[in-house]
Each structure stands twice: as C-alpha cells, then as structure tokens.
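Residue-level structure breakdown
Spelled out from the first residue to the last, the chains are:
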Amino acid sequence: MQAQISTYLNTDTKAAPLAVFRILFGLLMVISLIRFWYNGWIEKLYLLPHFHFHYLGFSWVTVPGKWTYLLFAVCGLFALLIMVGLKYRIAVIGFFLSFTYIELMDKTTYLNHYYLVSLLAFLLIFLPAHRHFSVDAYRDKSINREYIPKWQIDALKLMTAIVYIYAGLAKLNYDWLVEALPLSIWLRDKTAIPIIGTLMDESWLHYLFSWGGAVYDMSIVFFLLWSRTRIMAFIAVLCFHLMTKLLFPIGMFPYIMIIATLVFFSSAFHSRLLNFIAGLMKLPYTDFCNGLTYKPTQLYKKVTLGILSIFFMIQLLFPLRSYLYTGNSFWTEQGYRFSWRVMLMEKTGYANFKVVDSVSGKRFYVQNEDFLSAFQQKQMSTQPDFIIEYAHYLGDHFKSQGHENLQIFVESYASLNGRRSQAYIDPEVDLLSIENTLKPKSFILPLNEN
Amino acid sequence: MKASIKYIFFIAFVIVAHSCINNTEEPMFTDSFDRSEMLEFWANDIIIPGYTDYVSKLAELDEAATDFYGDSSDLSLSTLRETWLDAYKVWQAVSLFEIGKAEEIGLRNFTNIYPANIDLITENINSGASNLDLPSNFVSQGFPALDYMLYGSGSNDAVIAYLLQEEVKNYTQALITRLRDLSSSVLEDWMTGYKDEFISNNGSSGTASTDKMVNDFLFHYERFLRAAKVGIPAGVFSGNTEAELVEGRYSQIYSKELFESGFTAVQAFFNGQSYDGQKQGSSLKQYLDKIHLDNSTDLDYSESIIAQWDSAERALEDINNNFGAQVIEDNSKMLALYDELQKAVVLLKVDMLQALNIQVDFVDADGD
C-alpha cells in the first residue's frame, strides 16, 4: 500500500490538461465577470440594497460601495492573467481572494457554482498550471515543464467527482424520484422550447429527466474515467448541461462543468488542442515540449499534499452535515448550502414581520420592501438564517428610532415542491431572542406533508 | 485525434450559436394552457376597454370643469364632483395595469399618490408655473389634489369661491389636462403596437408578459389596495391609526367606494371577467384550475383564493363609507378587513406563484 502510494505520487503525466484547464477557466471567469457587470448586477445586487445578508462568521465582509466596481475589475484582471498564465501565482491567489470576497458580501446571491469556482481557484493555487504553455513559461523557458506529477491533475478530477456524486446522491429523495418534483413544476410550462417543447408537459418526461439526472450525476465521472466510454460520456455531458442551460436560467454553470470534465481527456488530446491554439498564434508549440518534468521539492510536495488532503477531507465530510440535523433539510435548509444540492427544490415563501413593544403592547408590521430588494425578500422568506438576521437588523433599526422593549415576531408561510403553503417559523418566538448558530433551529415548524 | 479536435470546435460553435439563439425572442408558446389566449383576453377585454373608459371619463370631467367655469353654481359644482368621482373609480380599475407605457411614464405616481401635499399645491397655484413632471410633484397633482380642491374649502360657497380664483382655475384645469394627456398616451400606446408586443411576449421567463403582469398585479394588490387604502390608515405599519391618510380625505365619504372599485377590479382580473362584465375569458383562475386538474391533487388554489376574498367582502360590509371615521370609531373592523386581505397575499404570493411557476419579481440573476 505504502509502495503503491509512493509510486502513484511519483507518476508523471503531461502538463497539457492542466494548461488547457487554466486557459479555459480563466477565459470563463473573464466572461462571467464581464457578463455580471454588463447585466447591471453589481449595482442591482450589491450597491442598491441597504442591507446585506452575511455568512456565519463573515459579517466583517462588507460591500465597499462604488469600489465594488474596482473589486470586480481587479478580479477580472486576475482571471485574465490566469488565462494567459502571466504572474500566475499572484494572479490565482488574487483571483481566489477577490472572487471569494465578492461571494461573501451577500449570501442572497449564493450559488453552488460560485462556491465551486472558489474551490477550483483554491486548488489552482497549489497546482503548477503556469509551467506549460503560459506567458510565464514563454518568457522564462527555464520554468517550462512538459510533464507534471499525475496527482496534480487528478486533484481536479477528484473535485469534479465530488460535485457530481454528491449532487447525484442528493437527488435520491422522495420528491425527486417518486413525484418527479420539482422538475414537473419547472418543465410543464416550458412548451416553447423548439422540437422537444411539445413533450414538456408530459409526465413521463418529468420522470425520465428526474431519474436520468440522478443516474447521470452519480455515474458520469466513472464513464469519463474509462477511456472507452469517454467520448460518449462527454457527449452526455454536453447534452445534459446544454439542456439544463436551455431550460433553466443557470448562467455559467453548464460551461464550468463542461470545462471541468474536459480534464478527463487524455494528455495526447490536450497536447493536440494546445498545438492547435499555438498554431493560431503562430507559436511553435514544440518550444513548450522540452521533455522536462516538474519535480516539486520534498518540502513543497509535503505541504501541498498535506493541505490538499485536509481540503478534500473537508470536501467529503462537509456536504454530509445536513444529516446531523433532524427534519427535512429542504424545509429547514440546515446544512443545505455548500453541499451540491443543485436544482433540487422549488420553494416559495412569504414573511411578515411584527414589531412589538413588550411593555405597552403596541405593535406594527414591517413593509419588507422598505428594507430589502425584491431578490433579498425572495431569498429571505424561505431561509431561516436569513429571517433571523433580518429580524436583528430590523431590531437595530427600530431601536435607533427610539422604540423600546422590542420584540420581533414573524408570520411566515412557505410552500415546498408544490405542497400547499404552511406556517414556516414559529410565530410565537421572539426572533431577537435567537442568534444564528449552527445549532438545530427548533423554531422552524415541522414540514407537514399534504 | 485531429478529428476529435475538430469535433470539439464544432461543439464550441454549437454552444456559441446556441447561446446566441437563446438571446433572441422567445418562441411561440403552445401549452395546453394557452398563455397567449389569456394575454389576448386581458388586453382586448379588460385592459384596453378599461383605459378607453377611463379616458372618456376624464373627458367628461374636463367638460364638467369647463361648464363649471362657464356657469358656476351648486349644480355645476355637483356635476364636476360627480365626474371626478366617476373618473376616480375607473382609475381604480386600471391602476393595476402599471405595465408598458403606464410603467414607463409612472402613471400611478402622477395619478393617485396620497395624502396630497396642501402646501405644495398652494405654492404651485401661487407660482403659476410648476413642472408637474417632477417626482417631487407626485403629491400635488392627480385625483388626491383635485379631491382637496373640490372639497377642501368646506361649504359649497367656499369651494366655489376658491375654485373661481384665477390661479386656482388655471391649476385645476392644468391637473385635469395632465390626467387626460397621461391616460391618452397610455391608451394610444396599447392601440398602436404595445398590444401586439404584450400578447406575443407569451413565454414563461421572468420578462414574459404573464410573469410581469402577475407581478404587477400582486404589487398593486399588496401595496396600493391592501396597504395604502386599508393598512396604513388602520396603523398596521406604524402602530397608530392615521385617519388623515385615507384615500379621498377631503371628500371623506368615498374612501370605501374607491376601495370597492379597486377590489372588484382585482377580483374580476383574477376571475377573467371582461371590463364590461359581459364575458368570461381565460384567466389566472382558469390557469390554476388547469394545473389543479392536471395534477389531480386536492390543492384547489383558485377556490381558496376566491373564498378568502369573499371573507374580505364580508368584513367590508359593516365598515363605514368613510374609512377615516371608521378608523377613529372602531379600528378593529378595519384591522379585521386588513387581516382578510392579508391572508389572500399568502395564497397569491406563495401558492399561486409556485403553482404557475412565476418568479416573485423580475430578478434576472442566475440560479442553479
């Protein structure tokens, strides 16, 4: 076993797949950030709201006002540097920090694929993706390497595998498999899609997509690993993700997964691809193929392997934390984020906050639109940690207005996967008496199946 | 391997082409529930007839004002007031269609923001030339400003004397002309192109007509019917009753009637009743019933919503014509009405939106 591990860690492979991944990842991030800016989302999502929802422990991350544009510009610049492979280490660390900072500014905008981008950027910090076919390697031929340790590419594959397999396992639930929910809600009005549109309100199709999606997520990595099924698997990847792109507003996610699965292709394939790109730029690709192998120093190797082992240990365990809580995790959303629960539920909510003076008994209701954007209201009304944080914000606001003996209650209703709306948070609980923690949230009323 | 690289580029091309296609207009919608048919009914049988009536009611108001200034008397004042009320009531029926041109010009803000600001009105009257396009002048124009001018001075003689002042006359006429201009521009836009645009945008994305209209409808219901007309005077959002914030504060006796006009219009829109009341058409109710039927569940949303509104109608029955007086005499009845209206919000914003898969606002951010 020891020997096998040692042999594995000393196995080398071509650096080309990592270089291709670096280029495509950088490119996609540049496009993503430009798209975000172009769509006016910087202003709409970060600058217009007066208040932002924070991740537990990250309330110190604030939106830097107009400087947010600079933050996005810097982040985009780092992505560009990653793509061309210039000042790579600085660029990838800078990208990881700036992108993650942006994501931490407001959890209203949480998306699994933003989280994945942060994780991939973190991984890239430890991988020598600039040592092949990069400006860095072009300017300083001495750092160029044709070969790198195989585990450095496998780390990317492992990350992709974790995303897919956990996403697949999360689909193994009653609503998804037995009721074809929420896909049936989402698909039935999609009859405008060309060719297959007429099938979209057929219930067998909802089941096919539900079951097919679950099987795809759980198995695709294995078919990608095996060279004989790889082409077919990649076609499946394209079909699956482009289909989701066509049906749902999921932004850049499909493209990120498509480039992540490209890593599974053979190094010969990636070398050809780089050769082709080099040809377009009138560069002799052979200059980068010097036969040298990247040999990290023992210390560097140990530190890197140590960090990545801990990283992957966390990646394997963290998505499972929802099992530590009782109740339906779709309903309570405890341990729901950062767990690759992608497109699993349709949830709608409504929360009406009541501010009470516990001594005089005087009470009034809050108009949420006075404090939150429509998007924030939507996210807040279905997620207990948002409701608590918002209640505390309201408490501070009304205290500063001179109100005393404050209590804040919420009359809230939510509907999950087509069930009738039902009371969500205990309306008798003073939300100011509760803090957001990782402890089970006992003030969430149980989901009543109907 | 060469071949597979070409293959990849082909795929890349397809992806790019695909995202380009995606950016073009939504294709035709041909569900078994036909959204186009609903949009057509809304446009042809509810919205356009509503605005047509509104425009003509404002013309009558204008005419009554001309008559009044030609021959001012108790009688011509009373006609002027009647035409004002008629137009105001029809406004309640079209107020919920803040979409297209109405949204673009901010029709509602220039028509019915209350309470009116008396100081600002007086200042505008005295200065003679005020820019009514400014947002700061929302509160010095429209029906609430006319309400003050037609009723605010007390006795009929006092009102007539006030209205006959040259500057007041000019301002009154300017306000009426402005209401006419705004409403005509909206109606004209519906007649000359926007209707087709509205009907053909029949997809199911956040920017499709159905989704936008439903959002506008809910926004109107929550903010301008439930909150402005009932909740705010009853002190729901402040803890203190605020009788002076009722709609039609100076005429006093019409606040209930105005509310009823608005509430009736909301229900008619949901139920698919044509503006003239003669026709039943495709509606949100039918859409919900269709989904209810398809899924053969016991979740009969439209029935719950209608039943809830019936409760609100019952709560309304023993409320004073003057909401302001009601709030002072016995606010619990106003609060009871508010509660019934509020319960329907949950059914509309949670159950209905989920069933129809309509996003709660036009946030176009990504999901995953």
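Bear in mind that the values here come from a model prediction, so they are computed numbers and not experimental data. (Residues numbered from 1 in each chain as written. Chains lettered and ligands numbered in written order. Predicted model: local features only at pLDDT ≥ 70, side-chain atom pairs only at ≥ 80, totals over all residues. Heavy atoms only, no water.)

Next up on the list: the overall build of chain A. Each helix and strand in chain A was counted, giving 18 helices and 6 strands. Against the 2.2 N^0.38 benchmark of 22 Å for 450 residues, chain A shows a C-alpha radius of gyration of 25 Å, consistent with a compact globule. If one aligns the C-alpha atoms of chain A with their principal axes, the spans along those axes are about 80 × 50 × 45 Å. Across the 450 residues that make up chain A, the buried fraction comes to 59%. When contacts within chain A are restricted to residue pairs at least 6 apart in sequence, long-range pairs at least 24 apart make up 72% of them. (Helix = DSSP H or I, 4+ residues; strand = E, 2+ residues; numbered from the N terminus. Rg over C-alpha atoms; globule rule 2.2 N^0.38 Å. Buried < 20%, exposed > 50% of the residue type's maximum accessible area, 1.4 Å probe, protein only. Contact = heavy atoms within 4.5 Å.)

Before going further, it helps to spend a moment on the overall build of chain B. Of regular secondary structure, chain B possesses 15 helices and 0 strands. Per-residue burial for chain B yields a buried fraction of 56% across its 368 residues. Of the contacts formed within chain B by residues at least 6 apart in sequence, a portion of 75% connects residues at least 24 apart. Accessible area of chain B: about 14,900 Å², with a carbon and sulfur share of 51%. (Areas by Shrake-Rupley, 256 points an atom, 1.4 Å probe, with all protein chains shown as cover.)

Let's shift gears to the sheet that holds strand β5 (residues 406–416) of chain A. All names here are of chain A. Reading across from one edge, β4-β3-β5-β6 is the order of the 4 strands in this open sheet, with antiparallel pairing throughout. Each having just a single partner strand, β4 (363–365) and β6 (422–423) make up the two edges of the open sheet. Where strand β3 (residues 347–357) and β5 come together, 11 bridges link them in antiparallel fashion. Following the sheet pairing, Gly349 is matched in β5 by Ala414. Most of the contacts of helix α18 (residues 384–400) go to β5, to which it runs at about 150 degrees, and overall it touches β3, β4 and β5. (Pairing = 2+ DSSP bridges. Axes fitted to C-alpha atoms, helices over the stretch in contact; angles between N-to-C directions.)

Turning our attention to the domain arrangement of chain A. Residues and elements named next belong to chain A. For chain A, the assigned domains read domain 1 (10–322) and domain 2 (346–433). When each unit is reduced to the centre of its C-alpha atoms, the spacing between domain 1 and domain 2 is 36 Å. Interface area, domain 1 with domain 2, both sides summed: about 1,500 Å², of which 60% is carbon and sulfur. On inspection of domain 1 and its partner domain 2, the count reaches 3 salt bridges. A salt bridge links Asp385 to Lys107; the nearest nitrogen and oxygen atoms lie 2.8 Å apart. On the surface where domain 1 and domain 2 come into contact, there are 8 residue pairs in polar contact (both at pLDDT 80 or more). Its residues assigned to classes, the side of domain 1 that touches domain 2 comprises 8 nonpolar, 5 polar and 3 charged. (Domains from an automatic or database assignment. Buried area = accessible area lost by both parts, 1.4 Å probe. Salt bridge = Lys/Arg side-chain N within 4 Å of Asp/Glu carboxyl O. Polar contact = N/O pair within 3.5 Å; in protein donor to acceptor, adjacent residues only side chain to side chain. Nonpolar A, V, L, I, M, F, W, Y, C, P; charged D, E, K, R; others polar.)

Once that is clear, we can look at the packing of helix α2 (residues 35–70) of chain B against helix α10 (residues 209–231) of chain B. All names here are of chain B. Packing of α2 against α10 brings their axes to within 10 Å, and their N-to-C directions diverge by 50 degrees. By the angle class used here, α2 and α10 are oblique. Considering only the axes of α2 and α10, their crossing is left-handed. Contacts from Arg35, Met38, Leu39 and Trp42 in α2 reach Ser209, Thr210, Asp211, Met213 and Val214 in α10. A breakdown of the residues in the contact of α2 with α10 according to their chemical character gives 5 nonpolar, 2 polar and 2 charged. (Parallel < 35°, antiparallel > 145°, perpendicular 65-115°, else oblique. Left-handed = near helix turned anticlockwise from the far one by under 90°.)

Okay, the environment of Lys362 of chain A next. Here Lys362 of chain A shows up in the loop between β3 and β4. By relative accessible area, which is 34% here, Lys362 of chain A ends up partly exposed. In this structure, the C-alpha to C-alpha distance between Lys362 of chain A and Tyr350 of chain A, residues 12 residues apart in sequence, is 23 Å. Among all residues touching Lys362 of chain A, those that are not within four sequence positions of it are Val355, Val356 and Asp357 of chain A together with Ser238, Gly239 and Asn240 of chain B.

Residue and element names in this part refer to chain A. Most of β3 sits out of view: 11 of its 11 residues are buried. Judged by which residues are buried, β3 turns out to be covered on both faces: Lys347, Gly349, Ala351, Phe353, Val355 and Asp357 on one side and Thr348, Tyr350, Asn352, Lys354 and Val356 on the other are all buried. Pairing geometry for β3 and β4, over 3 bridges, is antiparallel. Residue pairing across strands places Lys354 opposite Tyr365, the latter belonging to β4.

Attention now moves to the packing of aromatic side chains. Residues and elements named next belong to chain A. According to the stated counting rule, one finds 62 aromatic pairs over all chains in the structure shown. Between the aromatic rings of Phe318 and Phe338, the centroid separation amounts to 6.4 Å while the plane-to-plane angle is 35 degrees, which identifies the pairing as tilted. One end of the pair, Phe318, is in the loop between α15 (298–317) and α16 (329–332); the other, Phe338, is in the loop between α16 and β3, and 20 residues separate them in sequence. You can call Phe318 partly exposed: its relative accessible area is 34%. (Phe/Tyr/Trp six-rings, centres within 6.5 Å; stacked < 30°, edge-to-face > 60°.)

Residue and element names in this part refer to chain A. With respect to the helices and strands, Thr68 occurs in helix α4 (residues 67–84). With relative accessibility at 0%, the residue Thr68 sits in the buried group. Those residues in contact with Thr68, other than ones at most four positions away along the chain, are Ile42, Tyr46, Leu47, Val63 and Met105.

Attention now goes to the nonpolar core. Ranked by size, the top nonpolar core spans 153 residues in total, and within it Phe25, Phe95, Met159, Trp340, Phe353 and Tyr390 of chain A carry the most contacts. Summarising the domain contributions, this core has at least three residues from each of domain 1 (10–322) and domain 2 (346–433) of chain A. Counting 115 residues, the second-largest nonpolar core is a separate cluster that includes Ala43, Val168, Leu175 and Val246 of chain B. (Core = buried A, V, L, I, M, F, W, Y, C linked by side-chain atoms within 4.5 Å.)

The next point concerns the side chain of Asn112 of chain A. Relative to the assigned elements, Asn112 of chain A resides in helix α6 (residues 112–125). Among the polar contacts made by the side chain of Asn112 of chain A, one reaches the main-chain carbonyl oxygen of Arg341 of chain A at a distance of 3.2 Å.

Another aspect to go through is a negative patch on the surface. Residues and elements named next belong to chain B. A cluster of acidic residues, Glu60, Glu63, Asp67, Asp71, Glu82 and Asp86, forms a negative patch at the surface. Counting residues per element, the ones that place at least two in the negative patch are α2 and α3 (74–94). The biggest single contributor to the negative patch is α2, with 3 residues. Its location among the elements puts Glu82 in helix α3. (Patch = residues over 30% accessible without salt bridge, like charges linked within 9 Å, V, L, I, M, F, W, Y side chains within 5 Å. Lys, Arg positive; Asp, Glu negative; His and termini not counted. Charge placed at Lys NZ, Arg CZ, Asp CG, Glu CD.)

Looking now at a nonpolar patch on the surface. On the surface, Met313, Leu316, Leu317, Leu320 and Tyr323 of chain A cluster together into a nonpolar patch covering about 540 Å² of accessible area. Inspection of the secondary structure puts Leu316 of chain A in helix α15.

The residue Asn448 of chain A is located in the segment after β6 in this model. Between the alpha carbons of Asn448 of chain A and Ser421 of chain A there is a distance of 9.8 Å; along the sequence they are 27 residues apart.

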